[in-house]
Amino acid sequence: VQLQASGGGLVQAGGSLRLSCAVSGRTLSSYAVGWFRQAPGKERELVGFIRERGGTTFYTNSVKGRFTISRDNAKNMVYLQMNRLEPEDTAVYYCAAKAGGIFSALTARDYYDYWGQGTLVTVSS
């Protein structure tokens, strides 16, 4: 499975961006997909994830109500819509995939099998 994240850029605080994760190599509907981010000098942390069929999502508290994860299995795409962006959201964002994942374990970075390269999001104040 190959993943490629895109859509990062520079945005002012309060603005919006939509990141995309293109998945190839296997049927996307078999995989849960997580979004993670890594700010300079910090560890990579979970933003949220979406289950295989898209019916269930989970978000970390710091982005809940501002970020939305969605997926289009027919197009092999997963999206991260980010609204009301804050300077603290500045980071490199990564998408990752896990086949048949257990819900509680999908919060763990090391649980994922496949990773894409990151895309940089910079939020100016």
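Use the structure listed above.
On a predicted model such as this, the values are computed, not experimentally measured, just so you know.

Caption draft 1: Local environment of the environment of arginine 53. Structurally, the position occupied by arginine 53 is in the loop between strand 5 (45-50) and strand 6 (57-59). For arginine 53, a relative accessible area of 70% gives the class exposed. Arginine 53 sits 52 residues away from alanine 105 along the chain, and the two C-alpha atoms are 17 Å apart. For arginine 53, the residues in contact, after removing those within four places along its chain, are Ser29, Arg71 and Asn73.

Caption draft 2: How the structure looks around the nonpolar core. Trp35, Phe67, Val78, Leu80, Met82 and Tyr93 are the most contacted members of the largest nonpolar core, which has 29 residues in total. If you list the elements that add at least two residues to this core, you get strand 1 (2-6), strand 3 (17-24), strand 4 (31-38), strand 5, strand 7 (67-72), strand 8 (77-82), strand 9 (91-99) and strand 11 (119-124). For methionine 82, the residues in contact, after removing those within four places along its chain, are Gly15, Ser16, Leu17, Leu19, Arg66, Phe67, Tyr93 and Val121. Counting seven residues, the second largest nonpolar core, distinct from the first, contains Ala32, Leu46, Ala96 and Leu106.

Caption draft 3: How the structure looks around the state of the cysteines. Considering all chains together, one arrives at one disulfide under this definition. The partner cysteine of cysteine 21 in its disulfide is cysteine 95, sulfur to sulfur 2.2 Å. Its S-S torsion of about 75° marks the bond between cysteine 21 and cysteine 95 as right-handed, since a negative value means left-handed. Note that cysteine 21 is positioned in strand 3 and cysteine 95 in strand 9, a separation of 74 residues in sequence. Here cysteine 21 matches cysteine 95 in class, with each residue buried.

Caption draft 4: Highlighting the pattern of salt bridges. If you walk through the whole model with that rule in mind, you get seven salt bridges. Across the pair arginine 37 and aspartate 89 runs a salt bridge, and its minimum N-O distance is 2.9 Å. Of this pair, arginine 37 sits in strand 4 while aspartate 89 sits in the loop between strand 8 and strand 9, and the two are 52 residues apart along the sequence. Look at aspartate 89 and you get buried, because its relative accessible area is 1%. A single salt-bridge network, built from bridges that share partners, covers Arg37, Glu45, Arg66, Glu86 and Asp89.

Caption draft 5: View of the pairing of strand 11. Judged by which residues are buried, strand 11 turns out to be one-sided: Thr119, Val121 and Val123 face inward and are buried, whereas Leu120, Thr122 and Ser124, on the alternate face, are not. In the sheet, strand 9 pairs with strand 11 via three bridges, with the strands oriented antiparallel. Among the inter-strand pairings, tyrosine 93 is bridged to a residue of strand 11, identified as threonine 119.

Caption draft 6: Quick look at the packing of aromatic side chains. For the structure shown, the criterion picks out eight aromatic pairs. On the basis of an interplanar angle of 75° and a centroid distance of 6.4 Å, the ring pair of tyrosine 94 and tryptophan 115 is categorised as edge-to-face. Of this pair, tyrosine 94 sits in strand 9 while tryptophan 115 sits in strand 10 (residues 114-115), and the two are 21 residues apart along the sequence. Using a relative accessible area of 14% as the deciding quantity, one classes tyrosine 94 as buried. Note on tryptophan 115: relative accessible area 28%, which makes it partly exposed. Taken together through their ring pairs, the aromatic side chains of Phe36, Tyr94, Tyr112 and Trp115 make up a single cluster. Between arginine 18 and the ring centre of tyrosine 79, over which it is positioned, the NZ or CZ distance is 4.2 Å. The ring centre of tyrosine 94 lies 3.6 Å from the NZ or CZ of arginine 44, which sits over that ring.

About the criteria used
Residues numbered from 1 in each chain as written. Predicted model: local features only at pLDDT ≥ 70, side-chain atom pairs only at ≥ 80, totals over all residues. Heavy atoms only, no water. Helix = DSSP H or I, 4+ residues; strand = E, 2+ residues; numbered from the N terminus. Buried < 20%, exposed > 50% of the residue type's maximum accessible area, 1.4 Å probe, protein only. Contact = heavy atoms within 4.5 Å. Core = buried A, V, L, I, M, F, W, Y, C linked by side-chain atoms within 4.5 Å. Disulfide = S-S within 2.5 Å. Salt bridge = Lys/Arg side-chain N within 4 Å of Asp/Glu carboxyl O. Pairing = 2+ DSSP bridges. Phe/Tyr/Trp six-rings, centres within 6.5 Å; stacked < 30°, edge-to-face > 60°. Lys NZ or Arg CZ within 6 Å of the ring centre and 35° of its normal.

What is shown is where atoms sit, not what they do.
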